[in-house]
Each structure stands twice: as C-alpha cells, then as structure tokens.
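Listed below, chain by chain, are the residues.
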Number of protein chains: 2
Amino acid sequence: MRVGVVEVGPRDGLQNEEKVLSPEVRAELCNRLAEAGLSRIEAASFVHPRLVPQMAGAEEVMSGLRRREGVIYAGLVLNEKGYDRAVAAGVDEVRYAFPVTGTFARRNQNTTVEEAIQLSGKLARRAREDGLRFGVTLSVAFGCPFEGKVEAQRVLEIAAEVAQEMPGELVLADTIGVGVPGQVRELVEGVKGLGVKVGCHFHDTRNTGIANALAALESGAEVLDASVGGTGGCPFAPRATGNIATEDLVYTLHGMGYETGIDLGSLIEVASWLAEQLGKELPGRVYKAGGFAPVAG
Amino acid sequence: MRVGVVEVGPRDGLQNEEKVLSPEVRAELCNRLAEAGLSRIEAASFVHPRLVPQMAGAEEVMSGLRRREGVIYAGLVLNEKGYDRAVAAGVDEVRYAFPVTGTFARRNQNTTVEEAIQLSGKLARRAREDGLRFGVTLSVAFGCPFEGKVEAQRVLEIAAEVAQEMPGELVLADTIGVGVPGQVRELVEGVKGLGVKVGCHFHDTRNTGIANALAALESGAEVLDASVGGTGGCPFAPRATGNIATEDLVYTLHGMGYETGIDLGSLIEVASWLAEQLGKELPGRVYKAGGFAPVAG
C-alpha cells in the first residue's frame, strides 16, 4: 500500500530551531528532499516574520526551488493575508492550521475556534476558485498545553464543521506530542467517517510518534507529516524534540511493506547535511544508526 | 490489563555506557527504581569483568540492594560459571541469554547455537532444583549485525527446542534495534503457540521500540524489558541509542490503559538522577518533556 508522506521539516521543523537558516539554505533543503523522493514538501510558512523569524523570506524560499515534476510544494497559512502571499509566491497547495481549543487559538493566532472554522471554509472556497490543493490541520487535537486533555468528541464536532466545505484533506495534529495509539484510532476513525481524506501530524516529544503513525494508517489515515532528522521542538517543553523524523518513519513503513517512493539512503544523507547546517545532532535515530539492508528499502 | 516491566538499565543499559559506574551507584540505582515501583530489576551481569568492565562487581551490587518485598532481583548469566556466581550472590531470578545466529553466538560468547540450547536446558533444570525463577532470552531474534535478516522460522525452531525445558519465560530480543511491528507479531504469536510465557526486549536504535512494544502486547506478550532513561547503546552502531526508555514505555502503557504499578513521576526523577551520574543527557524523551497529567498516570 502506498502512504503519502508530507515533509514538514523546512517549515515545522525549522520554525522551532534556535538557529535561523537563510531562505537559500531552506530552498536547498527542499531541493535535496525532492531528489530523495519526497513528493510533497511544506516548503514555507506565510506568517509574519516578526512572529516567527525562522520563517522570514518565504517568497525567497519558493523562488529558490528547482521545481520537480510530480512534487507538490505547499505553504502554511494562518490567515487571508498569508493565503494571498502563498498564492502570489506560487505554492501548489495551501495548508491552513488552527487549534481546537479556545486558549491555544487565542494565544497562537488571536482568533476563536468559531472564527477559525469560518475562515477554513472561506479559504477552501478561494482555493477551489484558484485551482489550488487545500488542506486543514486541526492543531492540539490530542492535548493542549493550556487546557489539558482534549475530548475526542469536541475534535470530531469541529472536524464535522470543517468537512462541510470538503477540504482536500483534514489533518489531525498532535502539536505537543502527548497522544497515544488508542486516541489516534478513535480520532482517525471518527474523521474518516465524515468522508474526508485523513492525514496525521505527530510529534515525537514523548516517543509515541512512530506507534501513533502506524495506528493512524491501520485506522484509515492516508497521509503522514514528518520532518527530516526530527528537527524542531516544542515551545512548551524546552528540552523536548520535534516532529517524528522522516527517515525513522520511512524505515518503519518500508519494513512494514508500505510504499513511499522515498529512497532511505538518500534521505539519511539529507538528514546528515541538515545536521551540519544546524551545527548540532538531530533527534532522528535512523540517520545515526543507519538503515538495515534486508529490512530497509 | 497488567503488564510486567523488567528494568534492565542497571545491566543492559549501563554495560553499553562509556562511563563505568561503581557497584555502589549501581545498587543505589536499583534501590531508587524499586522505590519508583519497578518490581523486577535486572540488577547485575555475571560475566567476566575483563569482557565487560562496566559490569564488574556484580556481587557488590547485589549486597548493596535494600531488598523490598515483592521486588524480584535478577542477574544475567551467559554460562554455568555465571550461574554459580549469580546463585551465590543471592539473585531471585536467573536470566540466560544466547544469540540465535551462529556468527553472533561464536563472537559474543564463544559457543554454537546448539551448545547454547543444551546449556539453556541444563540451567533450567538447575534453577528448578535451586528454586529460582529462570528465563531464556533469544538475542538478535529480529536481525543480526553479521548475518543480516533472521528468518522467523529459524527463531521459532530454536524457541521450540528451548521450550521443551519450560523456562518460566522466553524473551525475544531485538538486540540491534532493527525490528518492526510486523515481525514482532509473527514471532510473538509463534512463541506464544509453544505454550510459554513470552517477553520482549526492544532497543530503540531506529525508533521502532515503542511501536514494537505495543505490537508485542497486542500479540500476547506479557512482559517487556526497558531501561530507565534509555541508557545504553549498540556496539555495532556507535552513535545509536540503547533500550527503549522505561519512562517512555510507561507513559505509553498508562495512556493505553495498561497497569504497571510504576509511578511515572518518580521514575522520571530516577532518570534525571542517572543522567547526572553518567554526566550526560540520556536518549529517553519523556524525562525531558515531562509527563502530561490527563494522560500519564
């Protein structure tokens, strides 16, 4: 079975790194990832550079891409201004994210959940008119640093409202890395039941990320976000690690017989290159241990 | 459901650390683990100190234990000499390990697989006479650094021979951390079919450890090895990490509704204390990120 892997390292990974990489280096990262077989890359974040300095120069990142046929370059947006910029910069796909809890929504993007749901519908319609791929990510769907545990029922209610506009994909995000496979199964099956394509976005903050990813696939998810080298972190847990590492995910997926179109050896080289750019060891494990020939593909 | 967790940090964790801890500190580690609710602890390895200097002074470790009621203190042995020492030192349980591949068996403990199977029977009989708990671990059951992929059929043949002497428990070990959940299910179900109690021992070398642990439980395993802080490493992959971290495992297990009898907060404190003793950050993730109140117990 084919699994869609969305590489979010250039965006979610790097936006949580202390060291700021130039737009040129971030574009080069995207280019190397595409060469390793990644066919969907979240290349840039169209947020205000004052809020996330690591993501400044999104337009330069986009113009630095050597576009490969068959590769989808996505941009994250949090509002209409960001949507306008993303379209102007030439993204193939817009990903809009908002938190499912009121406190996080207010603190992270100064909105309410209801307003955010409205905006998701508006952006979905605009993307349809503009002929762009569009997806919605529900942040902190497995737990919130401010409100604690998030009830699955509440997430599914929000998902149902968002699904009315039929985005191409609805992504459940464990933004702070607290989820376990039991929660994943409940949420993925619930959202799947709404008739939309389900993606999942896991952080490996508490080492549950790979187990969650497999549970998501077994429950009907078709797409998984991951970041090369496991870059990134969690602003709410200073010593914690970030997204699940793409190469760790790919190692497991290939071992389980899933197809990804990604060359693990090349991806490990990209992780090593990125570690040099950031001047530090990254949390990913496979790039340090190496693959294992008879299992890894 | 109750899951048995065997803490192997004082043995498998520390035997792969560069820094050698004194027997006093290792005994103190066992004592702190017991206070955190660990009820089975692999406290020492009765191998020759020339071969594994990190494990020198097994007898001193044993005599430094503040024995708690209900806690089982185990020792690892690789031969009869080790068995004699373990009994003299007062272990409650002997764990005998041997590799399932010829090359690893010769290089690691200068034996053949057939000889090792014979010895497992002999030690099982001796342990029965001595009134001690006894278990057998099959090393490199998921892959061998010298011989590559290990066929499940071969592992199950060896397990069937070992099972004839009915050890208390048969443990499948992914010594170099290459296994994926699909393999785990096949092996655990196969060994379970022999009528023995199945344990699993996973390394998190390639970030598959927690997913493997859950797959093992879902397939009928009742016991899991883990090491506090995820200490240890892999002699065959110098930059790689060691066993699955006990606190990462416990976080996941509690989130999934399994009972362990372990207090996660206290265990995190032990991991932090051990990191200080070793003078480095450990690979475990939960001790750095912290638990999450509504999920972690």
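Look above for the structure.
Keep in mind that what you see is a predicted model, and the values were worked out from it rather than measured.

A. Examining the overall build of chain A more closely. From N to C terminus, chain A includes 12 helices and eight strands. In summary, chain A has a C-alpha radius of gyration of 17 Å against a globular reference of 19 Å for 297 residues, a match within 12%. In terms of overall dimensions, chain A has C-alpha extents of about 45 × 40 × 35 Å along its principal axes. Looking at chain A as a whole, 64% of its 297 residues are labelled buried. Pairs at least 24 apart in sequence give 73% of the contacts found in chain A among residues at least 6 apart. Counting only carbon and sulfur atoms, one obtains 47% of the accessible surface of chain A, whose full area is about 10400 Å².

B. Expanded view of the interface of chain A and chain B. At the interface, 40 residues of chain A touch 40 residues of chain B. For the pair chain A and chain B, the summed buried surface comes to about 3300 Å²; carbon and sulfur atoms form 59% of the total. For the chain A face of the interface with chain B, the top three residues by lost area are A:Arg206, A:Arg239 and A:Arg285, together amounting to 23%. Where chain A meets chain B, there are four salt bridges. With its nearest N and O atoms 3.5 Å apart, the salt bridge here joins B:Arg185 to A:Glu218. Between chain A and chain B we count 17 residue pairs in polar contact (both at pLDDT 80 or more) in total.

C. How the structure looks around the pattern of salt bridges. Residue and element names in this part refer to chain A. Across all of its chains, the model carries 50 salt bridges over all chains by this definition. A salt bridge links Arg95 to Glu42; the nearest nitrogen and oxygen atoms lie 2.6 Å apart. Separated by 53 residues along the polypeptide, Arg95 in strand S4 (residues 93-99) and Glu42 in strand S2 (residues 40-45) bring together distant segments of the chain. Overall, the relative accessible area of 2% leaves Arg95 in the buried class.

Here is what the cut-offs are and how they apply
Residues numbered from 1 in each chain as written. Chains lettered and ligands numbered in written order. Predicted model: local features only at pLDDT ≥ 70, side-chain atom pairs only at ≥ 80, totals over all residues. Heavy atoms only, no water. Helix = DSSP H or I, 4+ residues; strand = E, 2+ residues; numbered from the N terminus. Rg over C-alpha atoms; globule rule 2.2 N^0.38 Å. Buried < 20%, exposed > 50% of the residue type's maximum accessible area, 1.4 Å probe, protein only. Contact = heavy atoms within 4.5 Å. Areas by Shrake-Rupley, 256 points an atom, 1.4 Å probe, with all protein chains shown as cover. Buried area = accessible area lost by both parts, 1.4 Å probe. Salt bridge = Lys/Arg side-chain N within 4 Å of Asp/Glu carboxyl O. Polar contact = N/O pair within 3.5 Å; in protein donor to acceptor, adjacent residues only side chain to side chain.

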